[in-house]
Amino acid sequence: MASQPIGADKEAINEQVIANMYANMRSEMNQLYSKITELEMEVSEHSLVIGAIEPLDPSRRCYRMIGGVLVERTIKEVLPAVQRNKEGLEEVVARMNEALEKKKKEITEFELKYKIRIRKADSDTQEEGNMKEGSAQGVLVGPASGQ
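Residues numbered from 1 in each chain as written. Predicted model: local features only at pLDDT ≥ 70, side-chain atom pairs only at ≥ 80, totals over all residues. Heavy atoms only, no water.

Observations regarding helix α2 (residues 75-114)
Selection criterion: Where helices and strands are cited, they refer to DSSP runs of H or I of at least four residues and of E of at least two residues respectively, numbered from the N terminus. Each helix should span, by expectation, one fewer than its residue count multiplied by 1.5 Å.
Over its 40 residues, α2 extends 57 Å from the first C-alpha to the last, a length consistent with the 58 Å expected when each residue adds 1.5 Å. Once α2 finishes, Lys115 follows within two positions and takes phi at roughly 55°, a positive value.

Right under this line is the structure:
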C-alpha cells in the first residue's frame, strides 16, 4: 500500500462508485421498461375484454375477479369499471413513459459527465452468430434420398 500514491487509491474507489451508480441507474431503467411492458399487456387485456362484452346484452351475467374472488355481476355493472381501470392503466403507462424518458436523459448526462462508453463489439459478433443458428430453429429436414 505504501508503494501506491494515495490519490490513485481514491480514484479507483471513485471509479468503482461511479460504476455502481451507473449500474443502478441502468437497472432502474430496465425495471421501468419491464413494468411499462407489463402494464401495456394489462391495457391490451382490458381492451380485449371490453371488445368481447360491449356487443352483448347489458343484462347478461358475467364474472369478474376482484382481489382473488370471482364475483357475479351484469355486463352493465362490469363494463364501466373495466373501462375506468383501462383508462387508469393508460394514465399510469403515460407517467411511467415520462419517468423513463427522464431516466434516459439522466443516464445520458451521467455518461457524458463521466465519459462512460459501453463496449459492444464482442457481444454483437456473438449475437450475430446466435441469430444465424436461431434462424434454422423450427425447421425439420428429413433424410436425403440417396437411391
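Some thoughts on a nonpolar patch on the surface
What counts here: Each patch is built from residues lacking any salt bridge and having more than 30% relative accessible area; the joining distance is 9 Å for like charges and 5 Å for nonpolar side chains (Val, Leu, Ile, Met, Phe, Trp, Tyr). Surface exposure here means Shrake-Rupley accessible area, sampled with a 1.4 Å probe, where a residue is shielded only by the protein chains that are shown. Take a side-chain nitrogen of Lys or Arg and a carboxyl oxygen of Asp or Glu: if they are within 4 Å of each other, that pair is a salt bridge.
A surface patch of nonpolar side chains, amounting to about 250 Å² of accessible area, comprises Ile13, Val17 and Met21. Residue placement: Ile13 occurs in helix α1 (residues 6-53).

Re the confidence of the model for the chain
For the record, the criterion: Per-residue confidence from the predictor is given as pLDDT, running between 0 and 100.
Confidence in the prediction for the chain averages 84 pLDDT; 76% of positions are at 70 or higher. Within the chain, the lowest mean pLDDT, 53, falls on helix α3 (residues 121-134), and the highest, 96, falls on α2.

Observations concerning the UniProt feature "coiled-coil region" (unreviewed entry) in the chain
Note the following rule: UniProt positions are given in the numbering used here, feature names are shortened, and annotations may be inferred rather than shown by experiment.
Those places that UniProt annotates as "coiled-coil region" (unreviewed entry) correspond, in this numbering, to residues 86-113. A helix fraction of 100% and a strand fraction of 0% characterise residues 86-113, whose end C-alpha atoms lie 40 Å from each other.

Here's the deal with unusual backbone geometry
The phi torsion at Lys115 lies on the positive side, around 55°, for a residue other than glycine. Residue placement: Lys115 occurs in the loop between α2 and α3.

Notes on the packing of aromatic side chains
Applicable threshold: Each pair of aromatic rings taken from Phe, Tyr and Trp, with Trp reduced to its six-membered ring, is defined by centres within 6.5 Å and is described as stacked if the planes are under 30 degrees apart, edge-to-face if over 60, and tilted in the remaining cases. We call a residue buried when its accessible area falls under 20% of the maximum for its residue type, exposed when it is over 50%, and partly exposed in between, using a 1.4 Å probe and counting protein chains only.
Scanning the entire structure with this criterion turns up 2 aromatic pairs. Centre to centre, the rings of Tyr22 and Phe110 are 6.2 Å apart; their planes meet at 10°, and the pair counts as stacked. On the criterion of sequence distance, the pair formed by Tyr22 in helix α1 and Phe110 in helix α2 is long-range, its members being 88 residues apart. Aromatic side chains Phe110 and Tyr114 sit 4.8 Å apart centroid to centroid with 55° between the ring planes, which places their arrangement in the tilted category. Separated by 4 residues within a single helix, Phe110 and Tyr114 lie in helix α2, roughly one turn from each other. Under the relative-accessibility criterion, Tyr114 is labelled partly exposed at 34%.

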